[in-house]
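# Examination of the molecular architecture
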Amino acid sequence: MPQSLHGERHYDFGQRMLTLRINIGLTQEGLAALLGITRKAVGRWEAGETYPKADHLKAFITLIFEQQGFQAGSEEEQIRALWRSAHQKVLLDEQWLTSLLAQQVVPLVSTLSEEKDSPPSVAEHLRLWTVPYARNPHFTGRDALLQRLEQVFALERPDTPNGAGGVRQVALTQTQAIKGLGGIGKTQTAIEYAYRARLQGRYHHVLWIAAASEETILTSFVELASLLPEVVRPEETDPRKMVSAILRWLEQRAEPWLLIFDNADHLTLAQSYFPLKGNGHLLLTTRASATEAFAPSLEVELMGTVEGAQLLLRRAKRVVPYVPEEIEEAMNIVIALAHFPLAIDQAGAYIEETGCNLASYLKLYQSHRHALLGRRGKQMGGYPESVVTTWSLSFAEVERSCPAATELLQLCAVLAPDRIPEELLQQGAPCWPEQLHEAAADGFAFNQMMEILLAFSLVKRFSEERMLSIHRLVQAVQWDGMDAQTQRAWSERAVRAVEQVFPQDPSNAETWPQCQRYLDQVQACDALIEQQHLQIPEAADLLDRAGSYFLEHFMHSQAEPLYQRALAMREQQWGAEHPQTANGLYHLALLHQASANFAQAEPLFERALAIRERQLGAEHLETAASLHGLAILYESQRLNEKGEVLARRALALYEQHLGADDLETVPVRHTLADVYWHQERFNVAEALYQHNLTICERHLGPEHPQTAKSLNHLALIYTYLGHYEGAEHYFRRVLAIREKHFGPAHYLTALVIYDLGTLSLERGRYEEAEQLFQQALALYEQHLGPQHVYTADIFITLANTLRHLGKYPQAEELARQALDLHEAHLNPAHHYIAEDLTVLGAIYREQGRYAEAEPLFQRAQQMNMQIGKSVLIPYEFALLREAQERDEQAYDLHQQALAACLQAGRTETHPQMVALRQHLATLQGRLGRPEEAANLEGTQAVSASDGSQA
């Protein structure tokens, strides 16, 4: 289609067309049928993608004119503007326009007042129309709902005979209810359906019954009787006899009719006024949730953001076409009003009547919400009540029927609205006031309370999930109706109840589904704690445990503020030296350690340890936990000697208190095994991991996540020692367990995928390793971000893999990223930094960039001499020296690597040992040491023979 110089769509015509189509009550499908085109074509015109041809545009204009869709008195001006906006290749046909404007248009919809002048008769040419509201010029959207209504009623058209005499049962087969919360748009939808149906000639009579009470029902029938003097005798004064006569008349009509019962909230009462048979349809609007005994129902949902913005702009009388800034501001208002139609209509009325702009209204709403929700506006059309008034009437009826239900609404006003677990209400009963306590604790009373709230659609109940929901504006009106003292009281009750039901041990994977079920409520409580400045012990406990759940899922940014606030509250409540404060310090330290913020973690661990030793004693289990935390910190930094001392002390205390085979000893023994692993004391580490595996399998079973942790570390040892088949078997078990328990995208699943990649790299399966590392990297970046220190671990292993595949540019970039991240987070002598330097040096070496590789290897080798005996560093450095033909230095470096391999317990069949022997034999031959070379070649042959036998 034609576009601007900047390639943007022209929306002017589309918006004009959309407004005109809605004005005459047609759907896209209906308009397409009248114009003889596809619905998709109409949609593309309205979206600004294409323009109609001249013939189609003329047909559209004619239809709008005949249906009085143009503003009266300015039809010609609007037609010309529409033609210009459609960018037609031909000029507007002036003769055609003159002829069109000269037509006398007869309204298709006659009003009640016009038909009162007709001779009173029940002849077939009499058409009754008693809808008491004018068509809403601002009605927007609801196309899907209106189409569904048309489809339901079209399944058996009222003018299609069924059986002898054309008389059919009405009450069950032709009755339809539309239900929803007060103010959601039920009445407006019914009005729009009635006008569209009359426009399409679907009914001969359209009758409206106000069904809010028996009095209003009878009044509606009495008024209807005055229009039917041949059906109801003028001297008749008994309203019930009038009703009977009118119902008999309807049941005997051959002409199709539509009977609308509006606000039929008491369906049992309304049902007694339904016709039992006849050639018509019944449409009910109701707040009642349970309608199926009376009629199938369609629920009126909240408006979509775009749909709501359109309603707001039309109601505010904004000029078409709307500018993008207006649309965005309108959408922000719709979101603030929780997509509620009546509130959106009120906002539009306020903007129109006061002349304020959209941004100003949004700012006002944030500070004067209750006043704006209570202001209906002067131009109120067919729905005179505001949001506040509408719901206040419902609240009053609920209060009269069941005070406990009122208390439940007040409670829901402080909870997260969308997912309120029913067991929170029931298990939290001790926290509620007396009436709600009694109703929540008794299943029968609880259902009675729910029945009343559902009758007004004030809540929704999802029985399968055992969840409730409440609309955000119902919450807002409830909250604004409470004084400050009541708001604080309900806030405290909610926090105490959620703390009571939130699992005590979020580190236990078996509790995670329950934790997830309450996370929305925890976040709501967090907001209440901050807003109300709550300083109760339950608040700190809840925030602390929620922080632990997030820490277990590596969601560090969510955990930290919760831990920080919990610690501050405990320090204020208990003092700086209390064990509760130590708990907060310990958890915050664990978070910093897990985030590799070691400098922040260490003083927190030390302070927690000091408090526990003073307050609880050196032998207490919580003191042992602090020792363990510090041991983890030191192990993470490869400060192995300090880590070993603390881990051994902690494990001794745990075994002293609980026994050597207790589950709680497993994490401490695991940390000690990790220390031995880094010290390359693999036999000792393997024994500890095996002990843990035995404990976990005995207590938890072979498929438990804790069992998987022990399996994973055993697999790492087997990888290092070259027992690749056993390692892969264990890794695959771990992957299956974690995918089953946590899913394929969980961070713990990413860890074992990374380990499998490391195994493939060790085995020389570089393409497979690259695929695994890329998969793990995507998950790491999703959970931790690209700048996290743990993400750097994948950068360097992936870089090393790409080096082996000859993909040097990508490998160099990743190696540099890894080095930068490790240097930013780790101490300058950390062995990870030395390995980064080594891989980057190897990348340069293999490209012949020896001068760039040299300083990297020199620095890595200096670090290696200080912090440990790596195999990789001297081996890769030796290869540089070989390439430089500096054989003596290469020989010495290979000897260092060989010694490191032997110290690590690697057998002669290990691939690294075989490679080292080959290089040494070659170098000895080049250096003129044939006897040593022969000995090495013999050793190499024995190694190969042993490997084949194995």
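What counts and what doesn't
- Residues numbered from 1 in each chain as written.
- Predicted model: local features only at pLDDT ≥ 70, side-chain atom pairs only at ≥ 80, totals over all residues.
- Heavy atoms only, no water.
- Helix = DSSP H or I, 4+ residues; strand = E, 2+ residues; numbered from the N terminus.
- Rg over C-alpha atoms; globule rule 2.2 N^0.38 Å.
- Contact = heavy atoms within 4.5 Å.
- Areas by Shrake-Rupley, 256 points an atom, 1.4 Å probe, with all protein chains shown as cover.
- Expected span 1.5 Å × (residues − 1).
- Buried < 20%, exposed > 50% of the residue type's maximum accessible area, 1.4 Å probe, protein only.
- Pairing = 2+ DSSP bridges.
- Salt bridge = Lys/Arg side-chain N within 4 Å of Asp/Glu carboxyl O.
- Axes fitted to C-alpha atoms, helices over the stretch in contact; angles between N-to-C directions.
- UniProt positions renumbered as here; feature names shortened; annotations may be inferred.
- Phe/Tyr/Trp six-rings, centres within 6.5 Å; stacked < 30°, edge-to-face > 60°.
- Lys NZ or Arg CZ within 6 Å of the ring centre and 35° of its normal.
- Arc of directions from axis to C-beta.
- Core = buried A, V, L, I, M, F, W, Y, C linked by side-chain atoms within 4.5 Å.
- Parallel < 35°, antiparallel > 145°, perpendicular 65-115°, else oblique.
- Left-handed = near helix turned anticlockwise from the far one by under 90°.

## Section: the overall build of the protein
- The secondary structure content of the protein amounts to 45 helices and eight strands.
- Whereas a compact globule of 950 residues would reach a radius of gyration of roughly 30 Å, the protein reaches 39 Å, over 25% beyond that.
- Along the three orthogonal principal directions, the C-alpha set of the protein runs to about 130 × 75 × 60 Å.
- For the protein, the proportion of contacts with a sequence separation of at least 24, taken over those separated by at least 6, is 67%.
- Within the structure as shown, the protein displays about 41,600 Å² of accessible surface, and the carbon and sulfur contribution to it stands at 51%.

## Topic: helix 38 (residues 789-804)
- Helix length check: helix 38 (16 residues) gives 24 Å between terminal C-alpha atoms against 22 Å at 1.5 Å per residue, within 8%.
- Counting buried residues in helix 38 gives 14 out of 16 residues, a clear majority hidden from the surface.

## A closer look at the sheet that holds strand 8 (residues 467-469)
- What the three strands build is an open sheet, ordered 6-8-7; its pairing is antiparallel. Lying at the two open borders of the sheet, with one neighbouring strand each, are strand 6 (420-421) and strand 7 (460-462).
- Direction of pairing for strand 6 relative to strand 8: antiparallel, over a ladder of two bridges. Its bridge partner being in strand 8, Ile-420 is matched across the sheet by Leu-468.

## Regarding the pattern of salt bridges
- Under the definition given, this model contains 57 salt bridges.
- A salt bridge links Arg-80 to Glu-76; the nearest nitrogen and oxygen atoms lie 3.1 Å apart. Within this pair, Arg-80 and its partner Glu-76 are both found in helix 5 (residues 75-85), separated by four residues, close to a single helical turn.
- Residue Glu-76 is classed as partly exposed on the basis of its relative accessible area, which comes to 37%.
- Here Asp-143 and Arg-196 are joined by a salt bridge, their closest N and O atoms 3.9 Å apart. Taken together, the residues span a long stretch of sequence, with Asp-143 in helix 8 (residues 143-154) and Arg-196 in helix 9 (residues 186-199) at a distance of 53 residues.
- Judged by its relative accessible area of 22%, Asp-143 falls in the partly exposed class.
- Overlapping salt bridges bring together Arg-21, Glu-46, Arg-135, Asp-143, Glu-192 and Arg-196 as one network.

## Here's the deal with the sheet that holds strand 1 (residues 175-179)
- One open sheet accounts for five strands, arranged 2-3-4-1-5; its pairing is parallel. Edge strands, defined here as strands with exactly one partner in the open sheet, are strand 2 (205-210) and strand 5 (297-299). Across the sheet, the mean angle from the axis of one strand to that of its neighbour is 20 degrees, orientation sign disregarded.
- Examined bridge by bridge, strand 1 and strand 4 (residues 280-286) share five bridges and lie parallel to one another. Residue pairing for strand 4: Ile-178 is matched across the bridge by Thr-285.

## Some points on the UniProt feature "repeat: TPR" (unreviewed entry) in the protein
- Per the UniProt record, the feature "repeat: TPR" (unreviewed entry) sits at residues 708-741, 750-783, 792-825 and 834-867.
- Between the end C-alpha atoms of residues 708-741 the distance is 11 Å, and the span holds 94% helix and 0% strand.
- Between the C-alpha atoms that bound residues 750-783 there is a distance of 10 Å. The span itself is 91% helix and 0% strand.

## Digging into the packing of aromatic side chains
- Tallied over the full model, the rule gives 20 aromatic pairs.
- Judged by centre distance (5.4 Å) and plane angle (80 degrees), the ring pair of Trp-677 and Phe-682 falls under edge-to-face.
- Taken together, a centroid distance of 5.2 Å and an interplanar angle of 55 degrees make the contact between Tyr-747 and Tyr-780 tilted. Note that Tyr-747 is positioned in helix 36 (residues 747-762) and Tyr-780 in helix 37 (residues 766-783), a separation of 33 residues in sequence. With respect to burial, Tyr-747 and Tyr-780 carry one shared label: buried.
- Following the ring pairs from residue to residue traces out a cluster consisting of Tyr-747, Tyr-754, Phe-773 and Tyr-780.
- Directly above the ring of Trp-490 sits Arg-493, whose terminal nitrogen or CZ lies 4.5 Å from the centroid.
- Across from the ring centre of Tyr-586, 4.9 Å away, lies the NZ or CZ of Arg-612, which sits over that ring.

## Observations concerning helix 33 (residues 682-699)
- An ideal rise of 1.5 Å per residue puts 26 Å on 18 residues; helix 33 measures up with 26 Å between its terminal C-alpha atoms.
- Listing the buried residues of helix 33 in full gives Phe-682, Ala-685, Leu-688, Tyr-689, Asn-692, Leu-693, Ile-695 and Cys-696. Angular distribution of buried residues about the axis of helix 33 spans 165 degrees; they occupy a single face of the element. For helix 33, exposure combined with an orientation more than 90 degrees from the buried face picks out Asn-683 and Arg-698.
- Residues of helix 33 that are buried sit in contact with helix 32 (666-678) and helix 34 (705-721).
- Backbone geometry just after helix 33 places Gly-701 at a positive phi near 100 degrees.

## Details of the nonpolar core
- In this structure, Tyr-361 and Leu-411 are the most contacted members of the largest nonpolar core, which totals 230 residues.
- Among the elements that take part in this core, helix 36 stands out by supplying nine residues, more than any other.
- Ala-225, Val-232, Ala-245 and Leu-250 belong to the second largest nonpolar core, which has 33 residues in total.

## Some points on unusual backbone geometry
- At Arg-142, a position not held by glycine, the phi torsion is positive, near 60 degrees.
- Following the sequence through the fold, Arg-142 ends up in the loop between helix 7 (112-115) and helix 8.
- One non-glycine residue, Ala-338, lies in the positive phi region at around 55 degrees.
- With respect to the helices and strands, the residue Ala-338 is situated in the loop between helix 14 (324-336) and helix 15 (341-354).

## What to know about the packing of helix 26 (residues 537-552) against helix 27 (residues 556-574)
- As a packed pair, helix 26 and helix 27 sit with axes 8 Å apart at the nearest point and diverge in direction by 155 degrees. With respect to helix 27, the axis of helix 26 lies roughly antiparallel. By crossing handedness, the relation of helix 26 to helix 27 is classed as left-handed. Between helix 26 and helix 27, the contacting residues are Pro-537, Ala-539, Ala-540, Asp-541, Leu-543, Asp-544, Ala-546, Gly-547, Ser-548, Phe-550 and Leu-551 on the first element and His-556, Gln-558, Ala-559, Leu-562, Tyr-563, Arg-565, Ala-566, Met-569, Arg-570, Gln-573 and Trp-574 on the second.

## Details of the pairing of strand 4
- Among the seven residues in strand 4, seven count as buried, and that is most of the element.
- The two faces of strand 4 match: Gly-280, Leu-282, Leu-284 and Thr-286 on one face and His-281, Leu-283 and Thr-285 on the other face are all buried.
- Looking at chain direction, strand 3 (residues 257-262) and strand 4 are connected through five bridges and run parallel. Looking at the pairing, Phe-261 lines up with Leu-284 of strand 4.

## With respect to the environment of Ile-753
- The residue Ile-753 is located in helix 36 in this model.
- As for Ile-753 and Gln-774, which are separated by 21 residues in sequence, their C-alpha atoms are 9.6 Å apart.
- The residues contacting Ile-753, other than those within four sequence positions of it, are Leu-735, Leu-772, Gln-775, Ala-776 and Leu-779.

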